[in-house]
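# Architecture and fold: a report
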Amino acid sequence: MQRLANFLSRLLILAVAAAASGSLHVALSQDSGSSQNIGHQQDPEPQQDTSKEPLRPVQPVASAGSISLLETNSSALVLGPGDELEITVYGTPDLSGHTRVSASGNIAIPLIGSVRVAGLTSSEAEATIEADLRKNNVLNDPHVSVYAKEYTNSGISVAGEVAKPGFYSAVGPHRLLDVLQAAGGPTDRAANKVVIAHRGQTDVTTLAISKNPAEMAASNIELQPGDTVVVPRAGIVYVLGEVSRPGGYVLNSTGGITVLQVVAVAGGTTHVASAGKTRLLRKTENGFQEQRIDLKKLLRGKTGDVAVRDQDILFVPSSVIKEALNASTLVGIAATTAIYRVPF
């Protein structure tokens, strides 16, 4: 009995040990599977290595502002002989100063000598001077400013019948009416048109200057540096003597103007006028030729009207003063008389 009890006790111990070993094996198996699942979830899918791919440049998108800037730079004014420049080298006042572009297109900079700037914009001239300063070991990191105080070759010439003819610097956009206003406007003797010549071109542009707002705006074209604007002189007929308003009358009409028309704008004859002895002086290659006109018959419609031309002098004598004025005297009076613009 004692042996049977011992045998059963050992068998029970073995069964317990076997059961414990099996539980441990199942647990270890589950832990291993869980670890494999976790590792599988944490490992990402292999990604393509892009470190060796070449970088692609980003193409900038052109906006309206950038296009406008490029157009402005392309039409920027260039420096030329005679231009007045103010050179500033920041932090180095000894290299800064006031200068003019020489006839050969160069300027002199201390320590680096002659620098060619003709044909360059101000920005390009700045870069050129900075490069020369570095090249000559004057400055390691120069910063240069070139300010053009006066463009002598990039302006617009205004001539003819304007109050202040001359050369006007074209810094920035300029339109025709702006330039004419800067020149003081047309004189009383100016025609109602302008002639524009462009540098390097043989053809000229003729524009009519109208008082109509719409036509005026249409003729207000933009001018370019190097253009020449000429305001021609209009034709003038002088009416002197016994009229209400003696003077010179500007002819801006394309049609024919007659004696009766100019006498009418002059206010008609006075009560002491000797209209039947009116004289018309016309300038020719051989001097002035005189023609007698019976203004009295013209006013009554008994004779045909007479056309007048530029520089004609119509003289209505007085019935009170018998002294006759010769042609040279009348020319002298016409040169100093008042000028009137009329809607001819």
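Residues numbered from 1 in each chain as written. Predicted model: local features only at pLDDT ≥ 70, side-chain atom pairs only at ≥ 80, totals over all residues. Heavy atoms only, no water.

Counted residue by residue, strand E16 (residues 278-284) has five buried out of seven residues, so it is predominantly covered. The pairing of E16 with strand E17 (residues 287-293) spans seven bridges and is classified as antiparallel. Opposite Leu281, over in E17, you have Glu290 as the bridge partner. Two successive antiparallel strands, E16 and E17, enclose a turn made up of two residues. Two strands pair when backbone bridges link them, and E16 and strand E19 (residues 313-316) are joined in this way by three bridges, in the antiparallel orientation. Each bridged residue has a counterpart across the sheet, and for Arg279 the counterpart in E19 is Phe315. (Buried < 20%, exposed > 50% of the residue type's maximum accessible area, 1.4 Å probe, protein only. Helix = DSSP H or I, 4+ residues; strand = E, 2+ residues; numbered from the N terminus. Pairing = 2+ DSSP bridges.)

Here the focus is the packing of aromatic side chains. As enumerated under the stated definition, the model contains one aromatic pair in all. Judged by centre distance (5.3 Å) and plane angle (25°), the rings of Tyr249 and Tyr340 are stacked. Taken together, the residues span a long stretch of sequence, with Tyr249 in strand E14 (residues 247-251) and Tyr340 in strand E20 (residues 339-341) at a distance of 91 residues. Looking at Tyr340, the relative accessible area reads 24%, which means it is partly exposed. (Phe/Tyr/Trp six-rings, centres within 6.5 Å; stacked < 30°, edge-to-face > 60°.)

A few words on the nonpolar core. Residues Val259, Val262, Ile293, Leu295 and Leu314 are the most contacted members of the largest nonpolar core, which totals 21 residues. Breaking this core down by element, the ones donating at least two residues are strand E13 (235-241), E14, helix H6 (259-265), helix H7 (295-300) and E19. It is H6 that contributes the most residues to this core, three residues altogether. Listed in part, the 19 residues of the second largest apolar core include Ile112, Val115, Ile129 and Tyr151. (Core = buried A, V, L, I, M, F, W, Y, C linked by side-chain atoms within 4.5 Å.)

Note on sheets: strands pair through backbone hydrogen bonds, and any given pair is parallel or antiparallel. Across the sheet, which stays open at both edges, the six strands sit in the order E17-E16-E19-E13-E14-E20 with mixed pairing between neighbours. Sheet topology places E17 and E20 at the edges, where each strand pairs with a single neighbour. The sheet shows a mean angle of 25° between the axes of neighbouring strands, direction not considered. (Axes fitted to C-alpha atoms, helices over the stretch in contact; angles between N-to-C directions.)

Of note in the backbone geometry, Leu111 takes a positive phi value of approximately 75° without being a glycine. Secondary-structure assignment places Leu111 in the loop between strand E3 (106-109) and strand E4 (113-116). What makes Leu111 exposed here is its relative accessible area of 67%. Residues other than glycine seldom take positive phi values, yet Gln311 does so here, at roughly 75°. Relative to the assigned elements, Gln311 resides in the loop between strand E18 (307-308) and E19. Owing to a relative accessible area of 24%, Gln311 belongs among the partly exposed residues under this scheme.

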